[in-house]
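Per-entry structural report
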Amino acid sequence: MLDFLNNVKPKTIKYYSRFNINDKKNKAHHIYPKNITELKKIFKYAKTKKQKILCVGNSKSWFDTVSNRHGIIINLKKFNRQIKLNRSKNLCVSSNVTLEEIYQFLNPLNLTLYNLPGYLNITVGGCISNNVHGKDSFKFGTFAENIIDFTILLPNGKIKKCSKMINKEIFYAAIGGLGLIGIILNVKLNVKKITSYVITENHKCKDYKQLIDVIYQDKDKYDYIYSWVDTVRGRGIVFKSKHINLNSTEFKKNKIKKNLNNLKHLIIKFFLSQIMKRDFMSFLNYIFFIINKRFSKKIENIKDIVELSKVNAIDLPNLIYPNSFVEIQFIIPKKKIRILKNFLKLLKKENLSALITGIKIHKKSIGYLTFADEGISISINIICNYNDKDKISKIKKINNYIIKNKLKIYLAKDFFLDKSDINLIYPNFKKFLNVKKKFDKQDLLYSDFLRRIS
Ligand SMILES: Cc1cc2nc3c(=O)[nH]c(=O)nc-3n(C[C@H](O)[C@H](O)[C@H](O)COP(=O)(O)OP(=O)(O)OC[C@H]3O[C@@H](n4cnc5c(N)ncnc54)[C@H](O)[C@@H]3O)c2cc1C
């Protein structure tokens, strides 16, 4: 009956961040079912053997939300891939399709999805289960806002269609539900019409206060806003983009930004790897600020905004090998913005320099465990080895400061939360667990993240 499970040997679980990379005992059975029948058989098998199951996408979440030590990890890679527009111009996709594939499909039609994150090699299933956000999230919320409906396989073997109107509690729990409610199968999404070019303004800001002011100034006139802050010096750059019509005078007046050619890309990659291996983050941040103009305007292809150019697509974990990353992304309501000042002070005091510190604006969105809320998010990226106890204890201090202030930490990139923390910063966590209990009495769907916070 379970012939496709034969000879499946447990394999080491690897995280995108490479954190814990040397723990060879961190193993699971990785299974690639081809269809629903096989998926249901795995459910049955796991129930009889009292095994836990976790479904993953491309495992581009940073830590243990994508691991299930000693259990079964399901990947839908071998399922049929579907990607098409229906008669009402809604995008119908299977959950294993990546955003890159969707981008390639929609871009020639001058269409896109709302709220695309800064990295496209991730699946629709993963995007829903973390309810990801993008540079336009201040306008459109989160990935969930694209969803018209989806089908989900529940632990009891039933497939349900869910939307804001049908099976609502499953819908709101599965959005941002970290794969713990059911396995998302097919999804219907809204698309929006766009032009293929944007005009981007760079604003250099002398300190974080100015940066926040610039971010919020006339924000509704723009389609994408994101920024970078130098955590050591407190200064940064804001990037604001809006779609532009090819016949407009603005398009004719401004220069089109050239893309990096492969040679430049290689040089940047080499330069970055040398700096990152030596953890010279402060220097990197310094250079980045210096080479940017005080104010500039340029025209870019939308692809560069969505993926922040080839530089962002560089495989960061390989560059820092044998080190690993830790990232903390948290959200500050606008009225509590003074916390940012203290946070930057604390980073300095602990002598922690971050590689990329991005700031984005958000608005409240749906889903019990959704990260996005009204306010700004800060994500800091620190090179840190799993064995570096001293650095980890410093990072934990930063983490505790955020929790003490009851600020939400993004679960897709969390490393340190525990049970009391999650209840404090995600007030709907109990509600989420109640839905899980209702539809997954045996706790069939599980992850190491859930183990950590339970
Ligand atoms: C370089 C980089 C940049 C990033 N930038 C952003 C950003 O700008 N904004 C942002 O929001 N995030 C960002 N992320 C995080 C990333 O977008 C999310 O972690 C995303 O969910 C990863 O998708 P995945 O397909 O790899 O899913 P995985 O990481 O494999 O899984 C994510 C979660 O979804 C669940 N899951 C996956 N498939 C299914 C399914 N079919 N049914 C049910 N559950 C499922 C898993 O159990 C897991 O809990 C970034 C990540 C990287 C590596």
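Going by the structure above, here's the rest.
Residues numbered from 1 in each chain as written. Predicted model: local features only at pLDDT ≥ 70, side-chain atom pairs only at ≥ 80, totals over all residues. Heavy atoms only, no water.

1. Re the nonpolar core
Filter applied, for reference: Within this scheme, the nonpolar core is defined by two criteria: the residues are buried Ala, Val, Leu, Ile, Met, Phe, Trp, Tyr or Cys, and they are joined through side-chain atoms within 4.5 Å. Burial status follows relative accessibility: with a 1.4 Å probe on protein chains alone, a residue under 20% of its type maximum counts as buried, one over 50% as exposed, and anything between as partly exposed. We call two residues in contact whenever any of their non-hydrogen atoms come within 4.5 Å of each other.
If you look at the biggest cluster of nonpolar residues, it comprises 120 residues, and the most contacted ones within it are Leu113, Phe150, Leu340, Phe343 and Ile376. Filtering out sequence-adjacent residues up to four positions away, phenylalanine 343 remains in contact with Phe330, Ile378, Ile380, Ile398, Tyr401 and Ile402.

2. Let's talk about the site of the ligand
This is how it is decided: Any residue with a heavy atom lying within 4 Å of a molecule or strand is counted as near it. In protein, a polar contact requires one atom able to donate a hydrogen and another able to accept it; more generally it is a pair of N or O atoms within 3.5 Å, and residues adjacent in sequence count only if both atoms are side-chain atoms. Every accessible area reported is derived by Shrake-Rupley at a probe size of 1.4 Å, with residue values counting cover from the shown protein chains alone. Numbering of helices and strands runs from the N terminus; a helix is a DSSP stretch of H or I covering at least four residues, while a strand is a stretch of E covering at least two. Domain ranges listed in this record stem from an automatic or a database domain assignment.
Near the ligand you find 34 residues, and of these Cys55, Gly57, Ser59, Ser61 and Thr123 are the closest. In this structure, an oxygen atom belonging to the ligand sits 2.6 Å away from a side-chain N or O atom of serine 61. Here an oxygen atom of the ligand sits 2.7 Å away from a polar atom, N or O, in the main chain of threonine 123. In the complex, the protein chains occlude 97% of the 970 Å² of accessible area that the ligand would expose alone. Mapped onto the shell around the ligand, the elements with two or more residues apiece are β3 (53-56), α3 (124-130) and β10 (183-189). Two domains share the shell around the ligand, each providing at least three of its residues, namely domain 1 (83-193) and domain 2 (197-423).

3. Topic: helix α1 (residues 36-48)
To keep things clear, this is the line we draw: For a helix, the expected span equals 1.5 Å multiplied by the residue count minus one. Picture the helix axis, draw a direction to every C-beta atom, and the arc is the one those directions span.
Look at α1: 19 Å from first C-alpha to last across 13 residues, which is about the 18 Å you get at 1.5 Å a residue. Within α1 the residues assigned to the buried category are Glu38, Leu39, Ile42, Phe43 and Ala46. Seen from one end, α1 has its buried residues packed into an arc of 150°, which puts them on one side. Turned more than 90 degrees away from the buried face of α1, the exposed residues are Thr37, Lys44 and Thr48. Looking at the buried side of α1, the elements it contacts are β2 (27-31), β3, β4 (72-75), β8 (147-153) and β10. Where α1 begins, one side-chain oxygen reaches toward the backbone nitrogen of threonine 37, 3.3 Å away; that side chain belongs to asparagine 35. Positive phi appears at lysine 50, one or two residues downstream of α1, with a value of about 55°.

4. Let's talk about the packing of aromatic side chains
We count it as follows: Note on aromatic contacts: the rings of Phe and Tyr and the six-membered ring of Trp form a pair at centre separations within 6.5 Å, being stacked when their planes are under 30 degrees apart, edge-to-face when over 60 apart, and tilted otherwise.
Overall, the coordinates contain 18 aromatic pairs when judged by the stated rule. Ring plane angle 75° and centroid distance 5.0 Å describe the contact between tyrosine 16 and tryptophan 62, whose orientation is recorded as edge-to-face. A residue pair is termed long-range when its members are at least 10 positions apart, and tyrosine 16 in the loop between β1 (11-12) and β2 and tryptophan 62 in the loop between β3 and β4 qualify at 46 residues. Here tyrosine 16 and tryptophan 62 have matching classes, each one buried. These aromatic residues form a ring-pair network of at least three members: Tyr15, Phe19, Phe63, Tyr386, Phe415 and Phe416.

5. Topic: the environment of isoleucine 194
With respect to the element layout, isoleucine 194 can be found in the loop between β11 (192-193) and β12 (197-205). Residues isoleucine 194 and threonine 112, spaced 82 residues apart in sequence, show a C-alpha to C-alpha distance of 6.9 Å. Leave out the neighbours within four places in its chain, and isoleucine 194 touches Asn110, Leu111, Thr112, His243 and Ile302.

6. Some words on the sheet that holds β1
So the rule is basically this: Should DSSP find at least two bridges between two strands, the strands are regarded as paired. To define axes, lines are fitted to C-alpha atoms, for helices over the stretch in contact only, and angles between the resulting N-to-C directions are given on a 0 to 180 degree scale.
An order of β1-β2-β4-β3 is seen for the 4 strands of this open sheet, with the pairing classed as mixed. Edge strands, defined here as strands with exactly one partner in the open sheet, are β1 and β3. Bridge count for β3 against β4 is 4 bridges, and the pairing is parallel. Within β4, the position partnered with cysteine 55 by the bridge is isoleucine 74. Together, β2, β3 and β4 form the strand contacts of α1, whose direction differs from that of β4 by roughly 170°.

7. Thoughts on unusual backbone geometry
Positive phi outside glycine occurs at arginine 18, with the angle close to 65°. Relative to the helices and strands, arginine 18 resides in the loop between β1 and β2. Positioned with a positive phi, asparagine 131 is a non-glycine residue whose angle comes to about 40°. Residue classification places asparagine 131 among the buried residues on the basis of a relative accessible area of 2%.

8. Here's the deal with the pattern of salt bridges
Short version of the rule: Just to be clear on terms, a salt bridge is a Lys or Arg side-chain nitrogen sitting within 4 Å of an Asp or Glu carboxyl oxygen.
Enumeration over the complete set of coordinates arrives at 18 salt bridges. Linking lysine 364 and aspartate 373 is a salt bridge whose minimum nitrogen-to-oxygen distance equals 3.3 Å. Since its relative accessible area comes to 57%, lysine 364 is described here as exposed. Two residues, aspartate 373 and lysine 408, come together in a salt bridge whose shortest N-O distance is 3.0 Å. With aspartate 373 in the loop between β17 (357-362) and β18 (375-383) and lysine 408 in the loop between α14 (389-404) and α15 (419-425), the pair connects residues that are 35 residues apart, well separated along the chain. Residue aspartate 373 shares its accessibility class with lysine 408, and that shared class is buried. Shared partners join several salt bridges into a network, and the residues in it are Asp64, Asp414 and Arg452.

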